[in-house]
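Here's the letter readout for the chains.
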Amino acid sequence: MRDSIRAIVAAIFTLTVAAPAHAEDGYRLWLRYDPLPAQIRHRYAAAATEIVVQSNGAIARSAEGELRRGLSGLLARQIPVGSSVDRDGAIVAELSKASLGDEGFTIRTTQIAGHEATVINASNERGLLYGAFALLRRFQTQQPIDHLNVRDRPKLALRMLDHWDNLNGSVERGYAGRSLWDWRTLPDWEDPRYTDYARADASIGVNGVVLNNVNAQADILTEPYLRKVAALADVFRPWAIRVYLSARFSAPIDIGGLKTADPLDPAVHAWWKAKVDEIYGVIPDFGGFLVKANSEGEPGPQDYHRTHADGANMLADALRPHGGIVLWRAFVYSSASDDRAKQAFDEFQPLDGKFANNVIVQIKSGPIDFQPREPFHPLFGAMPKTKLGMEAQITKEYLGFNTHLAYLGTMWEEVLSARTFRPQEDSRVADTLTAMAGVANTGSSRSWSGSQFDQANWYAFGRLAWDPDASAKAIAEEWTRMTWGNDPRVVNAILPMMMKSRQAVVDYMTPLGLAHLMGTDHHYGPAPWVSDLKRPEWNPVYYHRADLGGIGFDRTAAGSNALSQYAPGAMRQFTTDDYLLWFNYVPWDQKLKSGRSVWTELVWRYDRGVDEVRAMQRQWEALRGSVDDQRFDEVSAYLAIQGREAKWWRDACIAYFQSISKHPLPSGSAPPEHPLSYYEALRFPNAPAH
Ligand code: GCW
C-alpha cells in the first residue's frame, strides 16, 4: 500500500515538476524564450525593467509584443509596458530623424529623462522591429547588454522565402507536411499559425514571401483566391512582410479567355494591367510576381518567339505604377544545349541591359540545380546592367530530405564568398546581388521544417540574406544557443556537427564534383546507373560520364567549354579536387593532390562521408540527458536513418562505379553490402513531394 502511494506521489511529482511547460516538438523554433539561468537573469535584471515603444503603427505593436513576450519569458517575470521612461533600465524603441536606412537600426545604452536606458532607434517601424529581435537575440545568446553601441542594416533589400506550395495543399519538394496555407478556410479563418510563421520570418529579417509554387496554377490570380491572399497579407503586414505570387505566364489564356499570352500583344498587356490593378485593389502593398517561364514545360514568352526580357518587361510595366516588381527566374535548360550547365548563361547573359529596372533576374546558386556542391552560377557578375537575385534551396531536395542533418549555412557561405572577378576584379557573388530568395522548408509539421536541425537552415538563410558576409559558423552558434540552450557542452558538441555536416553529405552522395546521381523524379536515394530517360540531361549518366577510361564531365575548352563562362581569374577556384569531376573527365588512375588515384580517392571520400555520419551519431548520443528527451529522440532516430541512407548511397555508388572502372576496391574499404543489381531494383513509388 505504502509503496503504491509512494509511486503515485512520485508520478504526480514527475508530471508537475519534471514535465516541460511546453511540448518539446520544436514548434517554438529559435524563439523559445525559456527562463535564462538565475545568475544570468540577475545580471540582466537591472537593464530590463520596462518596455517603452514610442510609435503607434502596427509594426511597432509587433515589436512591443515580441519584446514583452521575449523578455518576460527569458527573465521569468512580467516586464511592464509603459508609455514613458520613468525608471532606470527601460528598453525603449523610438523613431529617430537620423537616417538609418529603410530597415536599419541602432541599439545604444544611453540616458533618457535622467534614466539609464537601452534605446532602439530606426527611421521607420520596420527598423524598430528588426532592432527588437536583435536585442532579444543578445539576451537569448547571453551576450553583454551594457554599453551597447550597435548599428545594423540589411545589405540586401529583398530577402524572400519562396514557397513551392500548391493550391491543393501539397508542397513540391516539401518534406515537412502539408502547406501552411489552408486555402479552403481562408479568408474566413486566419490560423494563429500564420502569425507565428510571420514572427519567425521577421526575426531573421525575411521581408517577402511568395505564397505559391513557381509551377503555378493561374487560379491563384482569380478573385476568390486573391481575397485569401489578401487575408494572409493582412496577417503578415504587421511583421513587415509583403506578399508576392508566382504568376503563370499563360494566365491570360487560362483564366482570361484570351487566345494568346504573347507579351507583345496589346490585349495581353491590357489583361495583365487590369489584373495587377485588381490585385492592388485588395492588397495595396502587394510585392509582385515570381515567374518560371520556358522552363521544364512551363509556358513563357519563347512560345511566341519573344525573349525572357520581353516577357518580364511586360509584367514589370503593369506592376511599376504600384511599386511592384518581377522576379524572373533564370532556371532554364533543354536537350538542345550540349551542356545543361551552360544554357542559362547562354540565354540570359546576352539580355543584360534589356530588363526593366523593376525586374530582378533570379538565378539558382549553381548552374545546374541545387546539388550538394556546385560551382557558383556563372551569371553572377556577368550581367552588370541587370538586378540579380540568388535563389537558394532551403528544403533539402538533394541533400537527404528532412531526415539528414545537413547545415546549409556553410554551402551558401561558400557560394556567396566565391570570387566572380567581375564586374570588378575583387567582386564576389555576394556583391552582385540585390535579392536572395530561399525555397522554403516549412510545412504543417509541428517542427515547421520536418526536423529539428532543418530549422537551422531556415534561420541561416534569413541571416545570410540580411548579411551575405556573415559567418556561417557564427550563425550556427547563434541558432544553437537559441534553439538548444547556452550550455557550453551542448554548444560545443552541436557546432562541429553542423559545420561538418554538409561536406559529409557531399562525400557520401556526390564527392569530387559529381552531381545529379539521385533517383529520377522523386530524387530519393542513389541511381547513377540510369541512362534510359527520354531527355539526355535527365539521366545521371549524362552528368558523371563514367566509362572504362575514366569519369567526369569535360567542361574545359576540349569539352563543352562551360568553364569559359567564368572570368579567367575565377577559374582558379575550381582547381581544387572538390570540383574535379564537375569540370574534368579524368582517367581512373590519375594521381591527385592527396597522392591517391581518382578511383581510390572516390572510394575514400564515400567512406569518409559515412564515417562522418557515424561520428555525428556518437557526438549526439553524448548529449543524452543534456537536451530534452523529445527532441533528442527525434534527432537520434533521424541520424540513424541518415546513417543507413549514407551507407546505401556509398554502397550503391561504389558498386556501380566499380562495375564501370573494373578496379578492385582499395584495401581497407569494405565491399558494398549487396550486389549492384539489388540497388538497381529498388523502387520508391511513394517517395514524398515530387
Ligand atoms: O530542382 C527542380 C525541382 C523541381 C522544381 C524545379 C524548379 C519547382 O526538382 O521540383 O520545380 O527545380 O526550380 O523550377
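In this text, all values refer to a predicted model and were calculated from it rather than measured experimentally.

Undergrad: Please explain the nonpolar core as it appears in this structure.
TA: Core analysis: the biggest nonpolar cluster contains 225 residues, and Phe-236, Trp-272, Phe-289, Trp-620 and Phe-657 have the highest contact counts within it. With 13 residues, helix H19 (residues 629-661) is the single largest residue contributor to this core. In contact with Phe-657, other than residues within four places in its own chain, are Leu-514, Leu-517, Pro-528, His-544, Ala-546, Ile-551, Trp-588, Trp-599, Leu-602 and Tyr-606. Counting 7 residues, the second-largest nonpolar core is a separate cluster that includes Val-52, Val-85, Val-92 and Ala-117.

Undergrad: Got a minute to help me understand the site of the ligand in this structure?
TA: Around the ligand, the structure places 15 residues, and the nearest of them are Glu-172, Lys-292, Arg-329, Asp-369 and Glu-397. Here an oxygen atom of the ligand sits 2.9 Å away from a polar atom, N or O, in the side chain of Arg-173. Here an oxygen atom of the ligand and a side-chain polar atom of Arg-329 are 2.6 Å apart. The fraction of the free accessible surface of the ligand (340 Å²) that becomes covered by protein chains is 98%. Residue composition of the shell around the ligand, by class: 4 nonpolar, 3 polar and 8 charged.

Undergrad: I would appreciate a short explanation of helix H6 (residues 223-236) in the present structure.
TA: Because each turn of an α-helix spans 3.6 residues, side chains separated by three or four positions in sequence point in the same direction. Look at H6: 20 Å from first C-alpha to last across 14 residues, which is about the 20 Å you get at 1.5 Å a residue. Among all positions of H6, only Leu-226, Lys-228, Val-229, Ala-230, Ala-231, Leu-232, Ala-233, Val-235 and Phe-236 are buried. Buried positions along H6 lie against helix H5 (192-203), strand S8 (208-210), strand S9 (242-246) and helix H8 (266-282).

Undergrad: I tried to follow the packing of H5 against H6 on my own but got confused; where do I start?
TA: Between two packed helices, what matters for the description is the angle formed by their axes and the separation of those axes. Viewed as axis vectors pointing N to C, H5 and H6 meet at an angle of 50 degrees, and their least axial separation amounts to 9 Å. Judged by the angle between their axes, H5 and H6 are oblique. For the pair H5 and H6, the sense of crossing is right-handed. Each of Tyr-194, Thr-195, Tyr-197 and Ala-198 in H5 lies in contact with H6, whose residues at this interface are Leu-232, Val-235 and Phe-236.

Undergrad: What exactly am I supposed to notice about the packing of aromatic side chains here?
TA: Aromatic rings considered in pairs are described by the distance between their centres and by the relative angle of their planes. Evaluation of the coordinates by the stated rule reveals 43 aromatic pairs. Ring geometry for Trp-30 and Tyr-459: centres 5.1 Å apart, planes at 70 degrees, overall edge-to-face. In this pair, Trp-30 is assigned in the loop between helix H1 (2-18) and helix H2 (38-45) and Tyr-459 in helix H12 (residues 455-466), connecting sequence segments 429 residues apart. Judged by relative accessible area, which is 0%, Tyr-459 ranks as buried. A connected cluster of aromatic rings, assembled from ring pairs, spans Tyr-27, Trp-30, Trp-181, Tyr-194, Tyr-197, Phe-236, Trp-448, Trp-458 and Tyr-459. Above the plane of the ring of Tyr-44 lies Arg-43, whose end atom (NZ or CZ) is 5.7 Å from the centre. Here the guanidinium or amino end of Arg-555 rests over the ring plane of Phe-553, the centre of that ring lying 3.7 Å away.

Undergrad: I keep staring at unusual backbone geometry and nothing clicks. Help me out?
TA: Glycine aside, negative phi is the norm for most residues, and most peptide bonds take the trans geometry. For the bond from Leu-186 to Pro-187, the omega torsion is 0 degrees, close enough to zero to count as cis. Mapped onto the secondary structure, Pro-187 falls in the loop between strand S7 (158-162) and H5. Each neighbour pair has its own omega, and for Arg-422 with Pro-423 the value is 0 degrees, a cis peptide bond. With respect to the secondary-structure elements, Pro-423 resides in the loop between helix H11 (409-416) and strand S14 (435-439).

Undergrad: Whenever I open this one, the confidence of the model for the chain confuses me. Can you help?
TA: Any region with low pLDDT has predicted coordinates that should not be read closely. Averaged over the chain, the pLDDT score is 96; the fraction of residues at 70 or greater is 97%. Predicted confidence is poor over residues 9-19, with pLDDT under 50, and the contacts of this stretch with residues over four places away or in other chains come to 2 contacts.

Undergrad: I'm lost on the sheet that holds strand S12 (residues 359-364) in this one. Help?
TA: Each strand in a sheet pairs with its neighbour through backbone hydrogen bonds, running either in the same direction (parallel) or in the opposite one (antiparallel). Around the barrel, 8 strands lie side by side as S7-S8-S9-S10-S11-S12-S13-S14; this closed barrel has parallel pairing. For this sheet the average axis-to-axis angle between neighbouring strands, irrespective of direction, equals 25 degrees. The pairing of strand S13 (residues 387-393) with S14 spans 5 bridges and is classified as parallel. In the strand pairing of S14, Met-390 is matched with Met-436. Together, S8 and S9 form the strand contacts of H6, whose direction differs from that of S9 by roughly 150 degrees.

Undergrad: Please clarify how the environment of Leu-495 should be interpreted in this entry.
TA: Along the chain, Leu-495 falls in helix H14 (residues 488-509). With a relative accessible area of 10%, Leu-495 lands in the buried category. As a C-alpha pair, Leu-495 and Arg-608 span 113 residues in sequence and 19 Å in three-dimensional space. If near-sequence neighbours (up to four positions away) are discounted, Leu-495 is found in contact with Lys-473, Ala-476 and Glu-477.

Undergrad: What should I look at first to understand helix H10 (residues 340-348) in this one?
TA: Of all 9 residues that make up H10, 7 are buried, and the element is covered over most of its length. Listed in full, the buried residues belonging to H10 are Arg-340, Ala-341, Lys-342, Gln-343, Ala-344, Phe-345 and Phe-348. The elements touched by buried residues of H10 are helix H9 (308-319), strand S11 (325-329), S12 and helix H15 (540-544). Capping the start of H10, Asp-339 holds a side-chain oxygen 2.9 Å from the backbone nitrogen of Ala-341, two or three residues further along.

Undergrad: Just checking my understanding: could you explain the pairing of strand S4 (residues 105-112) for this structure?
TA: Side chains on a regular strand alternate between the two faces of the sheet. Where S4 lies against strand S6 (residues 149-152), 4 bridges are found, and the strand directions are antiparallel. Bridging from a neighbouring strand, Thr-106 pairs with Arg-151 of S6. Sheet analysis places S4 next to strand S5 (residues 115-122), joined by 7 bridges and oriented antiparallel. When the sheet's bridge partners are listed, Arg-108 is paired in S5 with Val-119. Counting the residues that bridge the hairpin from S4 to S5 gives 2 residues, and of these Ala-113 lies at a positive phi of roughly 50 degrees.

Undergrad: What should I look at first to understand the side chain of Gln-565 in this one?
TA: By the secondary structure assignment, Gln-565 is in the loop between strand S15 (550-551) and helix H16 (568-571). Discounting chain neighbours no more than four positions away, the residues touching Gln-565 are Ala-341, Lys-342, Phe-345, Asp-346, Pro-378 and Arg-422.

Undergrad: Please clarify how the environment of Asp-182 should be interpreted in this entry.
TA: Tracing the chain through its elements places Asp-182 in the loop between S7 and H5. The exposure class assigned to Asp-182 is partly exposed, which follows from its relative accessible area of 31%. For the pair Asp-182 and Leu-167, spaced 15 residues apart in sequence, the C-alpha to C-alpha distance is 8.7 Å. Reaching out from Asp-182, the side chain makes a polar contact with the side chain of Thr-185 at a distance of 3.0 Å.

Undergrad: Looking at this model, I keep getting lost on the side chain of Glu-298. Mind explaining?
TA: Residue placement: Glu-298 occurs in the loop between strand S10 (288-291) and H9. Here Glu-298 falls in the buried class, since its relative accessible area comes to 13%. When near neighbours in sequence (up to four residues on either side) are disregarded, Glu-298 contacts Val-214, Asn-215, Ala-216, Arg-248, Lys-292 and Ala-293.

Undergrad: Help me understand the sheet that holds S4, please; the structure alone is not making it clear to me.
TA: Pairing is mixed across the open sheet formed by 6 strands, whose spatial order is S2-S1-S3-S5-S4-S6. Looking at the sheet topology across the chains shown, the edges are occupied by strand S2 (81-82) and S6. On top of the sheet, helix H3 (residues 58-75) reaches strand S1 (50-54), S2 and strand S3 (90-95); it is set at about 170 degrees to S1, its chief contact.

What counts, and at which threshold
- Residues numbered from 1 in each chain as written.
- Predicted model: local features only at pLDDT ≥ 70, side-chain atom pairs only at ≥ 80, totals over all residues.
- Heavy atoms only, no water.
- Core = buried A, V, L, I, M, F, W, Y, C linked by side-chain atoms within 4.5 Å.
- Buried < 20%, exposed > 50% of the residue type's maximum accessible area, 1.4 Å probe, protein only.
- Helix = DSSP H or I, 4+ residues; strand = E, 2+ residues; numbered from the N terminus.
- Contact = heavy atoms within 4.5 Å.
- Near = heavy atom within 4 Å.
- Polar contact = N/O pair within 3.5 Å; in protein donor to acceptor, adjacent residues only side chain to side chain.
- Areas by Shrake-Rupley, 256 points an atom, 1.4 Å probe, with all protein chains shown as cover.
- Nonpolar A, V, L, I, M, F, W, Y, C, P; charged D, E, K, R; others polar.
- Expected span 1.5 Å × (residues − 1).
- Axes fitted to C-alpha atoms, helices over the stretch in contact; angles between N-to-C directions.
- Parallel < 35°, antiparallel > 145°, perpendicular 65-115°, else oblique.
- Left-handed = near helix turned anticlockwise from the far one by under 90°.
- Phe/Tyr/Trp six-rings, centres within 6.5 Å; stacked < 30°, edge-to-face > 60°.
- Lys NZ or Arg CZ within 6 Å of the ring centre and 35° of its normal.
- pLDDT = per-residue confidence, 0-100.
- Pairing = 2+ DSSP bridges.

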